[in-house]
Amino acid sequence: MLAGKHILLIIGGGIAAFKSLDLIRRLRERGAVVTPVLTRAGEEFVTPLSVSALAGNKVFRDLFDLGDEAEMGHIQLSRIADLVVVAPATADLMAKMAQGLANDLASTLLLATDTPVLMAPAMNVRMWEHSATQRNLGTLKSDGISVVGPNDGDMACGEFGPGRMSEPLEIVAEIEGRLADGPLKGKRVLVTSGPTHEPIDPVRYIANRSSGAQGTAIGRALSALGADVVFVTGPADVAPPDGVQVIKVQTAQEMLEAVNGALPVDAAVFAAAVADWRVSSASDRKLKKSNDGLPVLTFAENPDILKTVSQMKKGRPGLVVGFAAETNDVIDNATAKRERKGCDWIVANDVSTGTGIMGGSENAVTLITADGSEDWPRMGKDAVAAKLAARITEALG
Ligand code: CTP
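So, how was this worked out
- Residues numbered from 1 in each chain as written.
- Predicted model: local features only at pLDDT ≥ 70, side-chain atom pairs only at ≥ 80, totals over all residues.
- Heavy atoms only, no water.
- Pairing = 2+ DSSP bridges.
- Helix = DSSP H or I, 4+ residues; strand = E, 2+ residues; numbered from the N terminus.
- Axes fitted to C-alpha atoms, helices over the stretch in contact; angles between N-to-C directions.
- Contact = heavy atoms within 4.5 Å.
- Buried < 20%, exposed > 50% of the residue type's maximum accessible area, 1.4 Å probe, protein only.
- Parallel < 35°, antiparallel > 145°, perpendicular 65-115°, else oblique.
- Left-handed = near helix turned anticlockwise from the far one by under 90°.
- Nonpolar A, V, L, I, M, F, W, Y, C, P; charged D, E, K, R; others polar.
- Polar contact = N/O pair within 3.5 Å; in protein donor to acceptor, adjacent residues only side chain to side chain.
- Near = heavy atom within 4 Å.
- Areas by Shrake-Rupley, 256 points an atom, 1.4 Å probe, with all protein chains shown as cover.
- Domains from an automatic or database assignment.
- Buried area = accessible area lost by both parts, 1.4 Å probe.
- Salt bridge = Lys/Arg side-chain N within 4 Å of Asp/Glu carboxyl O.
- Patch = residues over 30% accessible without salt bridge, like charges linked within 9 Å, V, L, I, M, F, W, Y side chains within 5 Å.

J.: An account of the sheet that holds strand β20 (residues 372-375) is requested, with residue identities and associated values reported.
T.: Hydrogen bonding along the main chain pairs the strands of a sheet, whether they run parallel or antiparallel. Across the sheet, eight strands lie side by side as β12-β11-β8-β13-β16-β17-β19-β20; this open sheet has mixed pairing. Every other strand in the sheet has two partners, leaving β12 (245-248) and β20 as the edge strands with one partner each. When strand polarity is set aside, the average angle formed by the axes of neighbouring strands in this sheet is 15°. Inspection of the sheet shows strand β19 (residues 365-369) paired to β20 by four bridges, in the antiparallel sense. Bridge assignment links T369 to a residue of β20, and that residue is G372. Running over the sheet, helix α14 (residues 381-396) touches β13 (267-270), β16 (319-326), β17 (345-350), β19 and β20 and is turned about 165° from β17.

J.: Any details on helix α6 (residues 105-112)? Residues and values, ideally.
T.: Residues spaced three or four apart along an α-helix point in a common direction, a consequence of the helix completing one turn every 3.6 residues. The buried fraction of α6 amounts to seven of the eight residues, a majority that puts the element mostly inside the structure. Among the residues of α6, those classed as buried are L105, A106, S107, T108, L109, L110 and A112. Where α6 is buried, its residues meet β1 (6-11), β2 (33-38), α4 (74-79), β3 (83-89), α5 (91-99) and β4 (117-121).

J.: I'd love a proper account of the packing of helix α1 (residues 17-29) against helix α2 (residues 48-55), names of residues and values included.
T.: Between α1 and α2, the shortest axis-to-axis distance is 9 Å and the interhelical angle comes to 15°. When the axes of α1 and α2 are compared, the pair comes out roughly parallel. Seen from above, α1 lies across α2 with right-handed handedness. Here α1 contributes L21, I24, R25 and R28 to the contact with α2, which in turn contributes S50, V51, A53, L54 and A55. Residues that form the contact of α1 with α2 fall into these classes: six nonpolar, one polar and two charged.

J.: Give me the lowdown on the side chain of T366, citing residues and values where you can.
T.: Among the secondary structure elements, T366 is positioned in strand β19. When its relative accessible area of 8% is taken as the criterion, T366 is described as buried. Looking at T366, its side chain comes within polar contact range of the side chain of D375, at 2.8 Å. Excluding residues within four positions of it along the chain, T366 makes contact with I331, I346, V347, A348, S373, E374 and D375.

J.: Can you break down the site of the ligand residue by residue, with the values?
T.: For the ligand, the set of nearby residues contains 14 residues, the closest of which are F270, A272, F323, K337 and K341. P303 places a polar main-chain atom, nitrogen or oxygen, 2.8 Å from a nitrogen atom of the ligand. For the ligand, whose unbound accessible area comes to 570 Å², protein coverage reaches 79%. Every element with two or more residues in the shell around the ligand is listed here: α12 (305-310), β16 and α13 (330-341). A per-element tally of the shell around the ligand places β16 first, with four residues.

J.: Outline the domain arrangement of the protein, listing residues and values.
T.: According to the domain assignment, the protein contains domain 1 (6-179) and domain 2 (188-396). A straight line from the C-alpha centre of domain 1 to that of domain 2 covers 36 Å. Taken together, the contact pairs six residues of domain 1 with seven residues of domain 2. Taken together, both faces of the contact between domain 1 and domain 2 bury some 480 Å²; the carbon and sulfur share is 35%. If you sort the residues of domain 1 by the area they bury against domain 2, K141, S142 and R178 come out on top, with a joint share of 66%. Inspection of the region where domain 1 meets domain 2 yields one salt bridge. For the pair domain 1 and domain 2, the number of links is one residue pair in polar contact (both at pLDDT 80 or more). Classifying every residue of the side of domain 1 that touches domain 2 by side-chain character gives one nonpolar, three polar and two charged.

J.: Tell me about a nonpolar patch on the surface, and please be specific about residues and values.
T.: The grouping of I15, F18 and F45 at the surface amounts to a nonpolar patch, some 320 Å² of accessible area in total. Note on placement: F18 falls in helix α1.

J.: Explain the environment of R338 residue by residue, including any values.
T.: If you trace the backbone, R338 turns up in helix α13. According to the relative accessible area criterion, R338 is buried, its value standing at 14%. Separated by 17 residues in the primary sequence, R338 and V321 place their C-alpha atoms 9.2 Å from one another. In contact with R338, other than residues within four places in its own chain, are C343, D344, W345, I346, I368, T369 and A370. Within the structure, R338 has its side chain in polar contact with the backbone oxygen of C343 (distance 3.4 Å).

J.: So what about the pattern of salt bridges? Which residues, and what values?
T.: Considering all chains together, one arrives at 22 salt bridges under this definition. As a salt-bridge pair, R204 and D201 come within 2.5 Å of each other at their nearest N and O atoms. Its relative accessible area of 3% is what places D201 among the buried residues. For the salt bridge of E374 with R391, the shortest nitrogen-to-oxygen distance reads 2.8 Å. Here E374 is found in strand β20, whereas its partner R391 is found in helix α14, with 17 residues between them in sequence. By relative accessible area, E374 is classed as partly exposed at 30%.

J.: An account of the sheet that holds β4 is requested, with residue identities and associated values reported.
T.: Strand order in the open sheet formed by five strands is β2-β1-β3-β4-β5, with parallel pairing between adjacent strands. Pairing within the sheet leaves two strands with one partner each, and these edge strands are β2 and β5 (146-147). Sheet topology note: the β1/β2 ladder contains six bridges and is parallel. Among the inter-strand pairings, L8 is bridged to a residue of β2, identified as T35. Strand contacts of α2: β1 and β2, with the helix running at about 170° to β2, the strand carrying the most contacts.

And the structure:
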């Protein structure tokens with residue numbers, strides 16, 4: 001499964017570094033080539049000699065080692081791999097990655113690399129739960145870094161809880177998943193998701209009931225098929241998928257900018273519930289009650305992102321998929337919407353009260369294409385996402 005795949009393995013300084021020796025062995029058993037990088041702190045836990053002997057490869061240690069630089073510059077070293085794996089990813093390494101520091105070989109490689117990164121955190125439970133580490137974790141996930149673990153369990157420091165590095169075989173399974181040549185490998189797909197928030201004043205906004213569940217499931221399903229996913233999301237209830245590039249926005253206008261910045265893509269799926277209107281002159285001060293009566297809000301129309309992208313003369317994605325949230329005459333309205341907006345497909349759903357679809361875990365959709373409409377049975381949002389991702393794969397052929 002991993003034959004001929006090249007893994008750049010960065011070993012941080014934690015007690016779990018000993019498990020990385022076994023990880024190297026397991027990866028090599030499966031035919032992977034492992035280039036190890038050991039941090040200064042990592043050397044306190046495992047010796048360069050044992051790492052290099054198990055890897056059957058030179059161990060890289062120092063940014064300023066002229067010998068290393070002469071053989072292979074750090075930029076080149078960061079790019080040779082199919083996957084960069086950080087195991088153990090200590091709190092310190094995670095903080096450096098989140099900040100973009102480049103003050104030793106490991107952090108420089110992580111900043112310079114353009115290959116996907118998977119990290120296996122390992123640290124004391126309090127360090128893991130600390131808001132600084134959780135903040136860094138959020139940043140790293142948004143940057144598209146995949147995470148495996150940590151697991152719960154007894155820790156070397158005598159405490160119990162999350163913080164133990166995943167077992168080598170769990171990390172291997174994750175690596176195999178990341179490196180599987182899915183049918184969408186090499187395809188770049190944009191997904192919009194979640195609601196938008198349109199400000200009224202600094203503390204109030206207009207929103208809708210979208211949870212982001214369907215868009216998130218679509219992003220995850222496309223990524224699982226090997227696509228390079230750019231996920232543009234409004235303030236959703238559900239966390240964005242792992243291992244994709246996440247761009248967080250608040251308003252429709254910001255979403256349009258993020259979408260424009262993400263182009264060109266092979267396909268785009270517009271699952272976001274974008275607010276059609278914004279308050280035309282949102283106040284930069286909190287509106288106060290007054291004796292002059294009720295405030296009057298005036299509205300301006302938001303840009304229609306789906307329509308803008310569908311009707312692009314240059315750089316239009318090969319496949320544009322929109323959604324249609326309807327409460328009545330679903331198929332007629334959605335068919336008209338497909339023509340009006342100029343997209344290729346519309347995924348229509350009935351969001352009237354009582355269906356439990358908006359904000360719920362299931363969806364009942366009709367796929368509308370140039371060839372007509374197709375009712376899909378009611379199923380979980382993950383299943384809808386998998387079916388749609390399979391159809392997108394066929395279409396991108
Ligand atoms: N959409 C968009 N930008 C907007 C409004 C909607 O990109 N400003 C996209 C949505 O992401 C969805 C599709 O357009 O893919 C349809 O959204 P929907 O709310 O059903 O349609 P509207 O265009 O808002 O039409 P209406 O509210 O009149 O039904």
